[in-house]
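These are the residues of each chain, in order.
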Amino acid sequence: MDKIRIKGGKRLKGEVAVSGAKNAALPILVATLLSRGEHRVQNIPKLMDVATIKRLLNHLGAVIEDDGQGGWTVRMPALARHEAPYELVKTMRASVLVLGPLAARFGEARVSLPGGCAIGARPINLHLMGLEKMGAEIQIEHGYVTVRAQRLKGARIYLDLTSVTGTENLMMAATLADGVTVIENAAREPEVVDLAHFLIRCGAKIHGAGTDVITIDGVESLNDSCTYRIMPDRIEAGTYLTAAAITGGEIFVRGCNPRYLDAVLQKLREAGVQIREETDGARAAATGRIGAVDIKTLPYPGFPTDMQAQMMALMALSDGLSVITETVFENRFTHVAELRRMGANINVQGNNAIIKGTQRLSGAPVMASDLRASACLVLAALAAEGETEISRVYHLDRGYEQIEQKFSNLGGEITRIT
Ligand code: UD1
């Protein structure tokens, strides 16, 4: 298994281009299942999760041409199977996104039920409740959920919790339903909006994406072809901006939309980092010590849970005491124990992490436990004295494109050991 070795203490400087957003690419690629046509999707990041979705789409019968430059042509002429098997769902929970499109277009979907994962139980009850409201019959047996429907019907669906993939699954299903569907307390994440824009380009009738009420007027079928460019990854962008902050450097992240990073940029500014929003990206520069700030994760437009771990690495080196409260997932502090091994002073009480900033972290062998926890360890290692070896980096490869190369270009000493 690959490891990443980092020699810390370098100020990172320069420019980095942000890749396409993983969390927009996954649902958009799945949404190609909704029609027979030929879809050209661009700016697809080269990531392990994207490779998994490709395997899943191929397994279902999709024909995919990859130009090797982030552009795919996807066609789904006929369905080979209705099923997302355990082997794929267990490596990537987002595989459950096929439920809505398969049920809507082919009347049946069978998906292995995802179990819990490193960051929490993560049930899919809201996805299923919504599909049931749309007239689908749901059956759970032998670890699989089967969804059947002659034709889904428009419905009013209220989500108890704002679920990102739940909203996406139901929005996709509703595009081909008979009648109008209203999703209330919908997720407002920019990736939900990106998916809506893709679907609209394919002929879907969707209003209100980006607000907490999304209305979808079902159509008989979607267009035969469309071309779409995936939005830039705001979490990857936020990670590089935090890298500038933690190493006392200056980084321009080209291609990110600062508007989608409001909560993160505000916290970085509060911590004393100079942030400049530019038309084609955002710049972070850190000169003095980092101030301690309190953070609470929330659904968008609140502070993203996917930036919580990276921010904790920064707070570990701050001047003072900060409290990070995780409200989205119940178990998203697995990076704490690893940060402590590097000298961080962090105490966890329930869903609060109390961080007493320290002057220095020191390199140590550490283990990545999930995607964003891995990014947190990379940031901590870049700032730490000495050498850090991070194992289980496959987590990192799920969500960061060419991370060693990008950090090396910024002056970081980072190598992969295979
Ligand atoms: C998506 C993102 C992930 C991000 C998360 C929160 C993708 C592919 N992944 O994950 O990177 O960390 O949003 O921003 O876009 N819940 C239920 N029942 C459900 C669905 C969710 O109880 O049916 C709960 C979850 O356990 C969690 C909360 O709702 O506590 C939010 O989860 P959700 O927004 O669904 O996360 P994902 O869509 O899985």
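The sections below set out a description of the structure shown in this document.

The rules behind each value
- Residues numbered from 1 in each chain as written.
- Predicted model: local features only at pLDDT ≥ 70, side-chain atom pairs only at ≥ 80, totals over all residues.
- Heavy atoms only, no water.
- Near = heavy atom within 4 Å.
- Areas by Shrake-Rupley, 256 points an atom, 1.4 Å probe, with all protein chains shown as cover.
- Helix = DSSP H or I, 4+ residues; strand = E, 2+ residues; numbered from the N terminus.
- Nonpolar A, V, L, I, M, F, W, Y, C, P; charged D, E, K, R; others polar.
- Contact = heavy atoms within 4.5 Å.
- Polar contact = N/O pair within 3.5 Å; in protein donor to acceptor, adjacent residues only side chain to side chain.
- Phe/Tyr/Trp six-rings, centres within 6.5 Å; stacked < 30°, edge-to-face > 60°.
- Buried < 20%, exposed > 50% of the residue type's maximum accessible area, 1.4 Å probe, protein only.
- Lys NZ or Arg CZ within 6 Å of the ring centre and 35° of its normal.
- Pairing = 2+ DSSP bridges.
- Salt bridge = Lys/Arg side-chain N within 4 Å of Asp/Glu carboxyl O.
- Lys, Arg positive; Asp, Glu negative; His and termini not counted.
- Core = buried A, V, L, I, M, F, W, Y, C linked by side-chain atoms within 4.5 Å.

**Comments concerning the site of the ligand**
Inspection of the region around the ligand gives 18 residues, with Asn 125, Ser 163, Thr 165, Asp 306 and Val 328 positioned closest. Here the ligand, which alone exposes 740 Å², has 87% of that area covered by the protein. Elements that contribute at least two residues to the shell around the ligand include exactly α5 (125–133) and α6 (164–175). Tallying contributions element by element places α5 first for the shell around the ligand, with 3 residues. Split into classes, the residues belonging to the shell around the ligand amount to 8 nonpolar, 7 polar and 3 charged.

**Some remarks on the environment of Glu 277**
Tracing the backbone through its elements, the reader meets Glu 277 in strand β16 (residues 274–278). In this structure, the C-alpha to C-alpha distance between Glu 277 and Ala 209, residues 68 residues apart in sequence, is 25 Å. With residues near it in sequence (within four places) discarded, Glu 277 still touches Pro 258, Leu 265 and Arg 269. A distance of 3.2 Å separates a polar atom in the side chain of Glu 277 from a polar atom in the side chain of Arg 269.

**Quick look at the packing of aromatic side chains**
Per the counting criterion, the structure on display carries 2 aromatic pairs. Ring centres of Phe 198 and Tyr 228 lie 5.7 Å apart, and the angle between their planes is 75°; this geometry places the pair in the edge-to-face category. Of this pair, Phe 198 sits in helix α7 (residues 190–201) while Tyr 228 sits in strand β14 (residues 225–229), placing them 30 residues apart in sequence. Both residues of the pair, Phe 198 and Tyr 228, count as buried. Measuring from ring centre to ring centre gives 4.8 Å for Tyr 240 and Phe 407, while their planes differ by 45°; the resulting arrangement is tilted. Taken together, the residues Tyr 240 in helix α8 (residues 234–247) and Phe 407 in helix α14 (residues 403–409) connect sequence positions 167 residues apart. Summarising the burial analysis for this pair, Tyr 240 and Phe 407 share the class buried. Directly above the aromatic system of Tyr 144 lies the positively charged group of Arg 110, at a separation of 4.1 Å from the ring centroid.

**Quick word on the pairing of strand β21 (residues 321–325)**
Walk down a regular strand and you will see the side chains alternate between the two sheet faces. Here strand β19 (residues 295–296) pairs with β21 via 2 bridges, running parallel. When the sheet's bridge partners are listed, Lys 296 is paired in β21 with Thr 325. With 5 bridges connecting them, β21 and strand β23 (residues 352–356) associate as antiparallel partners. Each bridged residue has a counterpart across the sheet, and for Ser 322 the counterpart in β23 is Ile 355.

**Considering the sheet that holds β23**
Read from one edge to the other, the open sheet built from 4 strands follows the order β19-β21-β23-β22, with strand pairing classed as mixed. Strands at the two margins of the open sheet, each flanked by one partner only, are β19 and β22 (345–349). Pairing between β22 and β23: 5 bridges, direction antiparallel. From the neighbouring strand, Ile 346 faces β23, where its bridge partner is Ile 355.

**Section: the pattern of salt bridges**
The tally for this structure, following the rule as stated, stands at 28 salt bridges. Ionic pairing is found between Glu 236 and Lys 406, a salt bridge with its closest N-O pair at 2.7 Å. One end of the pair, Glu 236, is in helix α8; the other, Lys 406, is in helix α14, with 170 residues separating them in the sequence. The pair Glu 236 / Lys 406 is uniform in exposure class, with both members buried. One salt bridge in this structure joins Lys 267 and Glu 270, with 3.5 Å as the shortest N-O distance. One end of the pair is Lys 267 and the other is Glu 270, both in helix α9 (residues 262–270) and 3 residues apart, which spans about a single turn. The structure contains a network of salt bridges with shared partners spanning Asp 2, Asp 397, Glu 404 and Arg 416.

**Here we look at the side chain of Asp 194**
Inspection of the secondary structure puts Asp 194 in helix α7. Arg 201 provides the closest opposite charge to the buried, salt-bridge-free Asp 194, at an N-O distance of 8.4 Å. Within the structure, the side chain of Asp 194 is placed 2.6 Å from the side chain of Tyr 228, a separation counted as a polar contact. What Asp 194 contacts, discounting residues up to four positions off in sequence, is Ala 24, Ile 28, Tyr 228, Arg 229, Ile 230 and Met 231.

**Some words on the nonpolar core**
A general tendency of soluble globular proteins is for nonpolar side chains to be buried together. In terms of nonpolar packing, the biggest core is built from 76 residues, with Leu 29, Val 98, Leu 99, Leu 152, Met 171, Phe 198 and Leu 199 touching the most fellow members. Not counting the four nearest positions on each side in its chain, Leu 199 is found in contact with Ala 31, Leu 34, Met 171, Met 172, Thr 175, Ala 204 and Ile 206. Listed in part, the 70 residues of the second largest apolar core include Cys 256, Met 307, Leu 379 and Ile 414.

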